[in-house]
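These are the residues of each chain, in order.
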Amino acid sequence: MREMGHTPMRDPYRFLAQTPVGNRVVKQLGLPNPPRLQRWTPGAPVVDGTVLLGSADGGRLAGPVAAQLRTLAVPVSQETEAAQRLRALVFDASGVTGPAGLVALQEFCTPRLRSLEPNARVVVLGTPPDACGSTPAAVAQRALEGFTRSLAKEIGHGGTVQLVYVGVGAEQAISSTLAFLLGPKSAYVSGQVVRVGAFGAPAGPAAVDLEQPLTGKVALVTGASRGIGEAIARVLSRDGATVVGVDVPSAAGDLETLMSELTGDAVAVDITTSDAPTRIADRLRHGHGGVDVVVHNAGITRDKKLANMQADGWTATVDVNLGAPLRITESLLEQHLLDADGRIIGVSSIAGIAGNAGQANYATSKAGVIGLVDALSGRLAPRRITVNAVAPGFIETPMTARMPMVIREVGRRMNSMGQGGLPVDVAETIAWFANPSSSAVSGNVVRVCGQSLLGA
């Protein structure tokens, strides 16, 4: 069985920087010093260490958070013992109702940052600014974004910092988000803003198997034969899903081998053909009775500066990356093959957020994936179908390994982690969105980029 991508593509600089001599040289010259990231391994706990929980006066989330973390078997403390090493800090800032109250963040974090272990986690919880009852409260809650993004660039040692806005009524529906953001599955996700309960309170917290939360679910993954798609298929299968993998006919051999290994189902079809939505829908209906999770991962690049771009390079990229996902999604929805509590997950890119020279076509298509999230998340909320996207940054794949060395090295270092991510980092984020306990997580675009210095 092949690995899911825990071993990165060869990064000579990173490995040199972690040797005693290399580490000294890197520090003396002030060069990037990529930390060793801790990723999840089978049998590991949700959080390996103690979580310290704090709250501003009037916070509404500390109690529900403590209860949900204990359900996840996460050790929670509300007091810092002398010389205690901490895995994570969680601060409930929902009670901050004006700028003066923001000092509570500093007073909680400053004395404890040096007590954090490597690969630590910091999660700040707040109230969506548009749900606040006053202008000062809305201003203060929006200010939390600047705090978390800045601390994410300071924390170092593989640590991450996130902000979670929890809607009123969704206080009991944050367990899957806490488990993901506080644990090693979020190794390459940092500086992100997540919204839980943006479209109203969920039907109720789902009771799921913590080891295999997707047991009994059917997951469709396009572009599944290799790279990020393969990692997605493996992680969703690991979590209990029956995977229906889709890829072009030329990749049928690799696809069938992978699906056989995962006890899944292979569909060899070009998703841009006119009959592709029907063929995929028919396989899901007759072979599986429907689908629970749809992951639009298939994508291509046809890079050229716009002045040199031909029409076919534009249309092929936009149709594979955006047109086909839209047609497949609408077909599944029209035929009611994606039932209540379903998940639609798109793979965007930081190019769709920040743009990229020579990739106007690609960035257009990936920004369109974000548009798909914006358009569908509210529309499908009454059917309890969530819609989210991931936006990967520099991920170590065979494609990036073929880049010119200088471009590849710049891509690897242009983030707070100083290194590329792995396909499994994207897959773990998708698995969090797919989790039945993530029923209140919708309308999000989460960058899996080690807090890239490009984009918001």
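Please refer to the structure placed before this passage.
Anyway, here's the lowdown on the structure attached to this text. Because the structure is a prediction, the values reported are computed rather than measured.

### Some details on a nonpolar patch on the surface
Okay, so step 1: Residues Met-405, Val-406, Val-410, Met-414, Leu-453 and Leu-454 make up a contiguous nonpolar surface patch of about 560 Å² in total accessible area.
Okay, so step 2: If you trace the backbone, Val-406 turns up in helix α14 (residues 405-413).

### With respect to the packing of aromatic side chains
Okay, so step 1: Enumeration according to the criterion identifies 3 aromatic pairs in this entry.
Okay, so step 2: Pairing Phe-180 with Trp-432 gives two aromatic rings, centres 4.7 Å apart and planes at 10°, and the pair type is stacked. In this pair, Phe-180 sits in helix α6 (residues 175-182) while Trp-432 sits in helix α15 (residues 423-434), placing the two residues 252 residues apart along the sequence. Assigned by exposure class, Phe-180 and Trp-432 land together as buried.
Okay, so step 3: Three or more aromatic residues joined by ring pairs form one cluster here, namely Phe-180, Trp-432 and Phe-433.
Okay, so step 4: In this structure, Lys-185 packs its charged tip against the face of Trp-40, placed 4.7 Å from the ring centre.

### Quick look at the sheet that holds strand β4 (residues 116-126)
Okay, so step 1: Strand order in this open sheet of 6 strands is β2-β1-β3-β4-β5-β6, and the pairing throughout is parallel. Sheet topology places β2 (76-77) and β6 (192-196) at the edges, where each strand pairs with a single neighbour.
Okay, so step 2: In this sheet, strand β3 (residues 86-92) lies alongside strand β1 (residues 51-55) in parallel orientation, the contact comprising 5 bridges. Paired with Leu-52 across the two strands is Leu-89, which belongs to β3.
Okay, so step 3: Together, β1, β2, β3 and β4 form the strand contacts of helix α3 (residues 62-71), whose direction differs from that of β1 by roughly 165°.

### A look at the sheet that holds strand β8 (residues 242-247)
Consider a sheet: its strands pair through backbone hydrogen bonds, and that pairing is either parallel or antiparallel.
Okay, so step 1: The parallel open sheet is built from 7 strands, whose spatial order is β9-β8-β7-β10-β11-β12-β13. Whereas interior strands pair on both sides, the edge strands pair on one side only; in this sheet they are β9 (265-268) and β13 (445-448). Going across the sheet, the axis of each strand differs from the next one's by a mean of 20°, ignoring polarity.
Okay, so step 2: Across 5 bridges, the pairing between strand β7 (residues 218-222) and β8 is parallel. Across the sheet, the residue bridging to Leu-220 is Val-244, located in β8.
Okay, so step 3: Sitting on the sheet, helix α8 (residues 252-261) is in contact with β8 and β9, with an inclination near 165° to β9.
Okay, so step 4: Helix-sheet contacts for helix α12 (residues 360-380) involve β11 (338-347), β12 (386-392) and β13, and the interaxial angle to β12 is about 160°.

The rules behind the values
Residues numbered from 1 in each chain as written. Predicted model: local features only at pLDDT ≥ 70, side-chain atom pairs only at ≥ 80, totals over all residues. Heavy atoms only, no water. Patch = residues over 30% accessible without salt bridge, like charges linked within 9 Å, V, L, I, M, F, W, Y side chains within 5 Å. Areas by Shrake-Rupley, 256 points an atom, 1.4 Å probe, with all protein chains shown as cover. Salt bridge = Lys/Arg side-chain N within 4 Å of Asp/Glu carboxyl O. Helix = DSSP H or I, 4+ residues; strand = E, 2+ residues; numbered from the N terminus. Phe/Tyr/Trp six-rings, centres within 6.5 Å; stacked < 30°, edge-to-face > 60°. Buried < 20%, exposed > 50% of the residue type's maximum accessible area, 1.4 Å probe, protein only. Lys NZ or Arg CZ within 6 Å of the ring centre and 35° of its normal. Pairing = 2+ DSSP bridges. Contact = heavy atoms within 4.5 Å. Axes fitted to C-alpha atoms, helices over the stretch in contact; angles between N-to-C directions.

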